[in-house]
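What follows is the residue order along each chain.
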Amino acid sequence: VQRMNPALLRFIFKRGTIHQIFLKSTLYRQPSKNTFAARFLGTLICRNQNSMSAKPMDTSPEGAALLKQIDELSNKLLVDSEVVRQLRADSSCDSASLSAKEQELKDLNKKLKALRVRQKDMGLDDDDKEESVFDRNGVESLLKRRFFFAPAFEIYGGVGGLYDYGPPGCAVKNNLTSQWREHFVVAENMLELEASALTPMPVLKASGHVDKFADLLVKDSVTMECFRADHLLKEHLDALIEGKPHPFIVARHKKKHHHHKKEHPEQPIEDEDWIDLKANPDLMERALMLRERVDEIGKDEMTKVLEEWKVRNPENGNKVTEPYEFNLMFSTSIGPSGMIAGFLRPETAQGIFVNFRRLLDFNGGRLPMAVAQIGSSFRNEISPKAGLLRVREFTQAEIEHFVNPDDKDHVRFKEIA
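Note that the coordinates shown come from a computational prediction; the quantities given were computed from them, not determined experimentally.

Focus on the packing of aromatic side chains
Applying the stated criterion across every chain yields a total of 4 aromatic pairs. Seen from their ring centres, Trp 180 and Phe 184 are 5.3 Å apart, and the 50° between their planes marks the pair as tilted. Here Phe 184 and Trp 180 lie together in helix H8 (residues 167–186), a separation of 4 residues that amounts to about one turn. Using a relative accessible area of 28% as the deciding quantity, one classes Phe 184 as partly exposed. Judged by centre distance (5.0 Å) and plane angle (50°), the ring pair of Phe 356 and Phe 402 falls under tilted. Of the two residues, Phe 356 sits in helix H16 (residues 356–362) while Phe 402 sits in strand S11 (residues 393–402), which places them 46 residues apart along the sequence. Phe 356 gets classed as partly exposed once you look at its relative accessible area, which sits at 24%. Residue classification places Phe 402 among the buried positions, given a relative accessible area of 14%.

Examining the nonpolar core
Ranked by internal contacts, the top residues of the largest apolar core, which has 26 residues, are Val 218, Leu 233, Leu 237, Ile 241, Leu 277, Met 302 and Trp 309. Of all elements in the fold, only helix H5 (95–121), strand S5 (214–219), helix H11 (229–241), helix H13 (281–292) and helix H14 (299–308) reach the threshold of two or more residues within this core. Among the elements that line this core, the one with the most residues is H11, at 6 residues. The contact partners of Val 218, leaving out residues within four places of it in the chain, are Glu 225, Cys 226, Phe 227, Ala 229, Leu 232, Leu 306, Val 320, Thr 321, Glu 322 and Pro 323. Within the second largest apolar cluster, 11 residues are counted, among which are Leu 66, Leu 73, Leu 77 and Leu 98.

Let's talk about the pairing of strand S9 (residues 340–344)
Note: strand S4 (residues 198–200) against S9, 3 bridges, orientation antiparallel. When the sheet's bridge partners are listed, Thr 199 is paired in S9 with Phe 343. Of the pairings in the sheet, the one linking strand S8 (residues 330–334) to S9 comprises 5 bridges and is antiparallel in character. Note on S9: the bridge partner recorded for Ser 333 is Ala 341. Linkage of S8 to S9, two consecutive antiparallel strands, is achieved through a turn of 5 residues, within which Gly 335 is found at a positive phi near 90°.

Quick notes on unusual backbone geometry
In most cases, non-glycine residues show a negative phi, while peptide bonds are predominantly trans. With an omega dihedral of 5°, the bond running from Leu 367 to Pro 368 counts as a cis peptide bond. One non-glycine residue, Asn 189, lies in the positive phi region at around 55°. Its place among the elements puts Asn 189 in the loop between H8 and strand S3 (191–192). The exposure class of Asn 189 is exposed, given its relative accessible area of 69%. Residue Lys 310 is not a glycine yet carries a positive backbone phi of 55°.

Some thoughts on the sheet that holds strand S6 (residues 226–228)
In space, the 3 strands of this open sheet follow the order S6-S5-S7, with antiparallel pairing throughout. Each edge of the sheet is formed by a strand with only one pairing partner; in this case those strands are S6 and strand S7 (324–327). Within the sheet, the average angular offset between the axes of one strand and its neighbour, ignoring direction, is 50°. For S5 and S6, the ladder comprises 3 bridges, and the chain directions are antiparallel. When the sheet's bridge partners are listed, Leu 217 is paired in S6 with Arg 228.

Quick notes on the rules
Residues numbered from 1 in each chain as written. Predicted model: local features only at pLDDT ≥ 70, side-chain atom pairs only at ≥ 80, totals over all residues. Heavy atoms only, no water. Phe/Tyr/Trp six-rings, centres within 6.5 Å; stacked < 30°, edge-to-face > 60°. Helix = DSSP H or I, 4+ residues; strand = E, 2+ residues; numbered from the N terminus. Buried < 20%, exposed > 50% of the residue type's maximum accessible area, 1.4 Å probe, protein only. Core = buried A, V, L, I, M, F, W, Y, C linked by side-chain atoms within 4.5 Å. Contact = heavy atoms within 4.5 Å. Pairing = 2+ DSSP bridges. Axes fitted to C-alpha atoms, helices over the stretch in contact; angles between N-to-C directions.

Scope: geometric values only; no functional claims are made or implied.
This is the structure we're talking about:
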């Protein structure tokens, strides 16, 4: 595994987080003691690589025109980005001109994202085609059977978003963090900190987490099942853009006609809330633009959007409640009196910031300096899904760089400025 073909390594990175889990196993320093994990990794990756079958891209005039437009906008985005960078560096540039140019750049970026969604909808994205062939559920099932990881407290019913790492999973994770430390902390001569995960409320109040670290939540009006409003809207818009009925309508249709497939193989799917976007180009454009800015929508606009686009619970079709803000931090009390409010940290940055003065003194008062931290973070996700991709307890590796704004004298600063 350590002598793995470079092309195969690129394949692993390209496939995303699940394959990156496998990549961690290539970091074993003593393969003789980890023959099981190495053998399992090599077999599994090669099996999935051989199962990939590239599909020819759409060469229709419409597809070619779309790709050309995307290429032109991408080039223009690069040019305009450089113009904005130069304007920012020019002290004589007035703020109005800079703001106008920045807004043009944002609009251009939104338009390009909308075209990317249309590209995906037309099947012109090679990465998406390969991804659709990859059996992610099968790989996750195999990883659980081999005890790389497993749902926590499973014998008591389990809790969503919590996982335990088995022996091979621990080895993979430990080797990954070791390589991360060598690549960043040791090679770049960074400082490393280990701060407390239990954080008093004033710290997170000052950072804005108490007031702003929240997602919009909606509930099924009947079952009270919880959903993240932005995720629900994205899934709904994706179905409309692709011309598919609502998922709950499809499930209901299959159940209803399961015993009559031979007699009625082409039963139409009736969906009274379905919106035909392909027959309305303007509405399609609105849906594409809305899909790209879902993460920016506030509470009031989200309420209107959910009603306008007739968003429902995808499992049963029930209406959802109005969205409200749900803070993602786990609250607790510190001490026997219960008078000190606190939270489990949602990220590792605060420990670095509150120790800045001590870190600067330790570094001899010299800037620039970089501080790294690896540790557990906790987020009370509304609907944790996708295996290890969205969990409620996870290990976070973070780096904060500190520079003097008037004397950016780091030897490598020009590489990223």
